[in-house]
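Each chain, letter by letter, is given below.
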Amino acid sequence: MITPRTAIVVEGGAMRGIYAAGVLDVFHEQRFHPFELAVGSSAGACNLASHLAGQHGRNRRCYTTLMSRPEFLDPWRFMRGGHWMDLEYLWSAFDAEDPLDCAAAAANPTRFHVAVTDVASGDAEFLEPTAADMNEVLLASSAVPVLFRSFVTVRGRRFADGGVSAPIPVEHAYRMGARKILVIRSRPWVFGGPSRFESVFAVAALRRHPGLVATFRRYREVYARSVAFLRSPPPDCRIVEIAPAEHLRTGRTTTDPVALFADYQRGRAAGERAIQAWG
C-alpha cells in the first residue's frame, strides 16, 4: 500500500463540529481535496465521512436539524438516568431521514482512519471502516463517555469516543507517513486543553472502567502534546492549522440555530483561507 504523503485531520467536539462542516463544504464546492489520508475523531470523523462520500451540505443539515432535536440532546433525561446525547436515536434518524452514503465514503481513494478508544485498555486505536461497518465505527468514535451511557461494539470489541484518547490525531497522520497535513480544529488556536474539572468528573463517573479512568487522567496531557506537535512539528513536516480565532458561539451541546449558523459561516470563511494557506 502506498504511503500517504498528504493528510487532513479533523478534531471532534460534538456540536462544535458545525465549524468543520463549513470548512469542508467550501472544499467540496472548490473541488479541493489534495489529501491521501483523512483522520478524524468523533464529530470530526463524521464530518469527514460525509465529505468523502461527496454529500455536500449533509453535515450542515445534520447539525441544524436532526442533532438539534431534544430527542438527541436532553440534559433533563440525563438527570433521570438516561443519555444526555442519545446517539442510538440519532443514528436511527440519520438512516431514516438523511443517510450517509457509506459505499461512496468507503470507495473514495483517500484512506479514512477513525479514532476510537478501547474501553478495556483506554488506548487510542484507528479503524479503517468498510462500507458494511462505517456507521458502527462512526457511532463508536462519537460515544462520549458519561453523556452517552453505553459503549459500542465493533468487530467484537467495545469502544468509546475517539476524542478522549486522540482528540487531535495529527501525530497518527504523521506516523502513517504524511508530511503535509491540514488540521481543522474546533477550538481556538490558543486553546491548550480542557479543564481539569471535566477530567475529574469523568474519572468519578467511570470508576468501574479502569482503562477509561486512566485515559481521562492523561487527557489534558495528551491534548497538550497534540497542540505542541502542531506548534513545533518535526523538520520534515509542514502543518496548516485551521482554527477559530476565538471560542465558537457553539458549545458541545448547543442547539441555538443562530449560533450554529454563525459558526458554520465562520467555518466557510476559514475554508477559503485554508485553500490559500495550503498553497
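Here the structure is shown first, and the text comes after it.
It should be emphasised that the depicted structure is a prediction, and the values quoted were computed from it without experimental measurement.

Thresholds, definitions, all that
- Residues numbered from 1 in each chain as written.
- Predicted model: local features only at pLDDT ≥ 70, side-chain atom pairs only at ≥ 80, totals over all residues.
- Heavy atoms only, no water.
- Helix = DSSP H or I, 4+ residues; strand = E, 2+ residues; numbered from the N terminus.
- Contact = heavy atoms within 4.5 Å.
- Areas by Shrake-Rupley, 256 points an atom, 1.4 Å probe, with all protein chains shown as cover.
- Lys, Arg positive; Asp, Glu negative; His and termini not counted.
- Charge placed at Lys NZ, Arg CZ, Asp CG, Glu CD.
- Axes fitted to C-alpha atoms, helices over the stretch in contact; angles between N-to-C directions.
- Parallel < 35°, antiparallel > 145°, perpendicular 65-115°, else oblique.
- Left-handed = near helix turned anticlockwise from the far one by under 90°.
- Nonpolar A, V, L, I, M, F, W, Y, C, P; charged D, E, K, R; others polar.
- Buried < 20%, exposed > 50% of the residue type's maximum accessible area, 1.4 Å probe, protein only.
- 1 Å grid on protein atoms, 1.4 Å probe; cavity = no way out; pocket = protein on both sides within 12 Å on 5 of 7 lines; lining within 4 Å.
- Points joined across faces, edges and corners; volume = space filled by probe spheres on them.
- Core = buried A, V, L, I, M, F, W, Y, C linked by side-chain atoms within 4.5 Å.
- Disulfide = S-S within 2.5 Å.
- Salt bridge = Lys/Arg side-chain N within 4 Å of Asp/Glu carboxyl O.
- Pairing = 2+ DSSP bridges.

(A) Representation of the overall build of the protein chain within the structure. A count of helical and extended segments in the protein chain gives 13 helices and eight strands. Principal-axis analysis of the C-alpha atoms gives the protein chain an extent of 50 × 40 × 40 Å. Long-range contacts, defined here as pairs at least 24 residues apart, represent 76% of the contacts in the protein chain between residues at least 6 apart. Summing over all exposed atoms, the protein chain offers an accessible surface of approximately 11,900 Å²; the carbon and sulfur share of this is 54%. Both charge centroids of the protein chain, one from 33 positive and one from 28 negative side chains, sit 5 Å from each other.

(B) Spatial organisation of the packing of helix 1 (residues 18-29) against helix 2 (residues 43-52). Look at helix 1 against helix 2: their axes get within 10 Å of each other, and the N-to-C directions meet at 20 degrees. Between helix 1 and helix 2, the angle is such that the two are roughly parallel. In this structure, helix 1 meets helix 2 at a crossing whose hand is right-handed. Across the interface between the two elements, Ala20, Ala21, Leu24, Phe27 and His28 of helix 1 pack against Asn47, Leu48 and His51 of helix 2. Here the residues of the contact of helix 1 with helix 2 sort into five nonpolar, three polar and no charged.

(C) How the structure looks around helix 2. Burial analysis of helix 2 places 10 of its 10 residues in the buried class, the great majority of the element. All buried positions along helix 2 are accounted for by Ala43, Gly44, Ala45, Cys46, Asn47, Leu48, Ala49, Ser50, His51 and Leu52. At the exit of helix 2 stands Gly54, carrying a positive phi of roughly 80 degrees.

(D) Examining empty space enclosed by the protein more closely. This structure, assessed with the given rule, holds two cavities of 30 Å³ or more. Reported here for the largest cavity is a volume of approximately 260 Å³. Elements represented by at least two residues in the lining of the largest cavity include exactly helix 2, helix 3 (58-64), helix 5 (87-97) and helix 7 (134-142). Split by residue class, the lining of the largest cavity holds 17 nonpolar, six polar and two charged. Considered as a void within the structure, the second largest cavity measures approximately 50 Å³ in volume.

(E) Spatial organisation of the nonpolar core. Residues Ile8, Phe27, Phe112, Leu138, Leu182 and Ile184 are the most contacted members of the largest nonpolar core, which totals 64 residues. A per-element tally of this core places helix 1 first, with eight residues. Those residues in contact with Phe27 that sit more than four places away from it in its chain are Ile8, Phe32, Phe35, His51, Leu182, Ile184, Gly271, Ala274 and Ile275. Grouped together as the second largest cluster of nonpolar side chains are 18 residues, Val9, Val39, Ile181 and Phe191 included.

(F) A look at the state of the cysteines. The full count for this structure, using the stated rule, is zero disulfides. Free of any disulfide, Cys102 has its nearest cysteine sulfur in Cys46, 11 Å distant.

(G) Molecular detail of the packing of helix 1 against helix 13 (residues 257-278). Viewed as axis vectors pointing N to C, helix 1 and helix 13 meet at an angle of 45 degrees, and their least axial separation amounts to 6 Å. Between helix 1 and helix 13, the crossing angle belongs to the class labelled oblique. Here helix 1 runs over helix 13; the crossing is right-handed. Between helix 1 and helix 13, the contacting residues are Ile18, Tyr19, Ala21, Gly22, Val23, Asp25, Val26, Phe27 and Glu29 on the first element and Leu260, Asp263, Tyr264, Arg266, Gly267, Arg268, Ala270, Gly271, Glu272, Arg273, Ala274 and Ile275 on the second.

(H) Structural view of the layout of surface pockets. As a volume, the second largest pocket reaches approximately 160 Å³. In this structure, the second largest pocket is lined by 13 residues; those nearest its centre are Ser165, Ala166, Glu171, Arg175 and Arg225. For the lining of the second largest pocket, the leading source of residues is helix 9 (residues 170-175), giving four residues. Its residues placed into classes, the lining of the second largest pocket shows seven nonpolar, three polar and three charged.

(I) Local environment of the pattern of salt bridges. Evaluated as defined, the whole model comprises 15 salt bridges. Two residues, Asp236 and Arg179, come together in a salt bridge whose shortest N-O distance is 2.9 Å. Remark: Arg179 occurs in the loop between helix 9 and strand 7 (180-184) and Asp236 occurs in the loop between helix 12 (219-231) and strand 8 (238-242); sequence separation between them is 57 residues. A single salt-bridge network, built from bridges that share partners, covers Glu11, Arg185, Arg231 and Glu241.

(J) Geometry of the pairing of strand 6 (residues 157-161). In terms of strand pairing, strand 3 (residues 111-118) meets strand 6 through three bridges, oriented antiparallel. The residue of strand 6 that forms the bridge with Thr117 is Ala160. Of the pairings in the sheet, the one linking strand 5 (residues 152-154) to strand 6 comprises three bridges and is antiparallel in character. In the strand pairing of strand 6, Thr153 is matched with Arg158. Hairpin connection, strand 5 to strand 6: the antiparallel pair is bridged by two residues, and Arg155 has positive phi, about 55 degrees.

None of this, on its own, says anything about what the molecule does.
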